[in-house]
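Here are the chains, one letter per residue:
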Amino acid sequence: MAETSLTRYELPPQGITLLGYIVRRMHKTRWLLPVAAMLSAGNAAAALEQVACYAAAASVSYGPAYYQPRFNRPGEELVEADPATGWDVWARLETVSPHYRIAYRVVAPDGSAVFSGREEITGTTVGLRGLGMPAPSHFHFTCGGYQATLTGVITSELALSLFRPTRIRAYGFLNLADSAGNSGKLQLDRNGRLTLEINRQPPVVHTLSESAG
C-alpha cells in the first residue's frame, strides 16, 4: 500500500473521529504476526524488534494531512478489527484536560497476544519545521509468558508548506526491554526511518513508508 493510500485509509474522504483515526492508524498489526513464531524459536530479541516496530508504526502517520478528525467526548471508545489480520483494535479517550490521554489495546484473534498502551498529547509546539504534538507513550506486549515494555516520546508533526499540501509525519524514540533480558532503543525520524539497537548489536533499519501496508 502506497504512503498516500495508507493515509487516505486513516483519514477517509467521508470524515472520521479522533478515535477512528487512531484505531485505523493502529491497523498495522501485520508487524506482530511473526512474533509468536520468533518466541517459539527462542529468538526473543527479534520478537522485541518486531514489537517495537509495531509500536512506532501504530503511533504515527506519514502522508497528506487531509483534515483534522472530529473530536470525541471523554469516555467514548471504539473497537474495529484490522481488516488485514483480524486483530481487534480498541481505543478509548480517557481525558481531554489538561491533556488528551488515549488508551488502546490490540488483541490477536485467538487471544494469545495482547499489545496495550497509552499516549498523552501534552500540547502543540511551534517550530521551523512545523507544528509538533509530543505524546509521551507507554506500551506493553504479552504473548504466553513473554512480556515487553516500551516507553518514550513520539511527536506527530504537521509540516506546513506554501508549495504543497500540509503533510503529517513524526519523530521520536522508545526505550525497549523484555522479560528475556533484552534491551535497546528505537529512534524514529521524519522520513519514516526506524533505527533499532538491541543488546548493543549493530543498528537495524526499517522504513515505514515502504513497509506500512
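Use the structure listed above.
Fair warning: this is a prediction, and the values are worked out from it, not measured in the lab. Here, residues in each chain are numbered from 1, in the same order as that chain's written sequence. Only residues with pLDDT of at least 70 are given local features in this predicted model, and only at 80 or more are side-chain atom pairs given and counted; all residues enter the totals for whole chains, interfaces and linings. Calculated side-chain values reflect all of the structure's heavy atoms, with hydrogen atoms and water omitted.

On to the overall build of the protein chain, then. The secondary structure listing takes helices from DSSP runs of H or I that are at least 4 residues long and strands from runs of E that are at least 2 residues long, numbered from the N terminus. Helix and strand counts for the protein chain come out as five helices and twelve strands. Here the C-alpha atoms of the protein chain give a radius of gyration of 17 Å, agreeing with the 17 Å that 2.2 N^0.38 yields for 213 residues. Projected onto the principal axes, the alpha-carbon positions of the protein chain cover approximately 50 × 35 × 35 Å. Contacts are assigned to residue pairs with any non-hydrogen atoms lying within 4.5 Å of each other. Partitioning the contacts of the protein chain with sequence separation of at least 6, the portion at a separation of at least 24 is 47%. This radius of gyration counts C-alpha atoms alone. The globule rule is 2.2 Å times how many residues there are, raised to the power 0.38.

Only buried Ala, Val, Leu, Ile, Met, Phe, Trp, Tyr and Cys residues count toward a nonpolar core, and they belong to the same one when joined by side-chain atoms within 4.5 Å. Relative accessibility thresholds used throughout: buried, under 20% of the residue-type maximum; exposed, over 50%; partly exposed, between the two (1.4 Å probe, protein chains only). Ranked by internal contacts, the top residues of the largest apolar core, which has 51 residues, are M26, F115, F141, L176, L186 and L188. No other element matches helix α4 (residues 44-58), which puts eleven residues into this core. With sequence-adjacent residues up to four places away left out, L188 is seen in contact with V60, Y62, I154, A170, Y171, G172, R193, L194 and L208.

Let us now look at the pairing of strand β12 (residues 204-207). Pairing of strand β11 (residues 193-198) with β12 involves four bridges; the strand directions are antiparallel. By the bridge assignment, T195 is partnered in β12 with V205. When DSSP locates at least two bridges between a pair of strands, those strands are taken to pair. With antiparallel pairing between neighbouring strands as the criterion, β11 and β12 make up a hairpin whose turn holds five residues, including N199 at a positive phi of roughly 55 degrees.

All right, on to α4 then. For a helix, the expected span equals 1.5 Å multiplied by the residue count minus one. In a regular helix each residue adds 1.5 Å, so 15 residues correspond to 21 Å; α4 covers 21 Å between its end C-alpha atoms and thus fits that length. The element α4 is largely enclosed, with a buried count of 14 among its 15 residues.

The subject of this paragraph is the pairing of strand β3 (residues 88-95). Extensive coverage of β3 is indicated by the burial of six of its eight residues. In this sheet, β3 lies alongside strand β2 (residues 77-81) in antiparallel orientation, the contact comprising five bridges. Across the sheet, the residue bridging to A81 is D88, located in β3. With antiparallel pairing between neighbouring strands as the criterion, β2 and β3 make up a hairpin whose turn holds six residues, including G86 at a positive phi of roughly 85 degrees.

Whenever a carboxyl oxygen of Asp or Glu lies within 4 Å of a side-chain nitrogen of Lys or Arg, that contact is scored as a salt bridge. Tallied over the entire structure, the rule returns ten salt bridges. Its salt-bridge partner being K28, residue E10 comes within 3.3 Å of it at the nearest N-O pair. With a gap of 18 residues between them, E10 in helix α1 (residues 3-10) and K28 in the loop between α2 (18-25) and α3 (35-40) connect regions that are remote in the sequence. We note that E10, like K28, is buried.

Attention shifts here to the environment of G117. Inspection of the secondary structure assignment puts G117 in strand β5 (residues 113-121). Expressed as a C-alpha distance, the spacing of G117 and A55, which sit 62 residues apart in the sequence, is 8.9 Å. The contact partners of G117, leaving out residues within four places of it in the chain, are I102, A103, Y104, H138 and F139.

Structurally, A108 is set in the loop between β4 (100-107) and β5. In the structure, A108 is positioned 50 residues away from L158 in sequence and 32 Å away in space, judged by C-alpha atoms. Beyond its immediate sequence surroundings of up to four residues, A108 is in contact with W87 and A113.

Glancing now at the packing of aromatic side chains. The way to describe two aromatic rings as a pair is by their centre distance and the angle between their planes. Only centres within 6.5 Å qualify two rings of Phe, Tyr or Trp (six-membered ring in Trp) as a pair; their planes then separate them into stacked at under 30 degrees, edge-to-face at over 60, and tilted for everything else. Summed over all chains, the structure comprises five aromatic pairs. Seen from their ring centres, Y54 and F115 are 4.9 Å apart, and the 85 degrees between their planes marks the pair as edge-to-face. In this pair, Y54 is assigned in helix α4 and F115 in strand β5, connecting sequence segments 61 residues apart. Across this residue pair, the class does not change: Y54 and F115 are buried.

Omega for the bond connecting S97 with P98 falls within 30 degrees of zero, at 5 degrees, which places this linkage in the cis form. Position of P98 among the secondary structure elements: in the loop between β3 and β4. With phi around 60 degrees, R200 is a residue other than glycine that occupies positive phi space. Take R200: it is sitting in the loop between β11 and β12.

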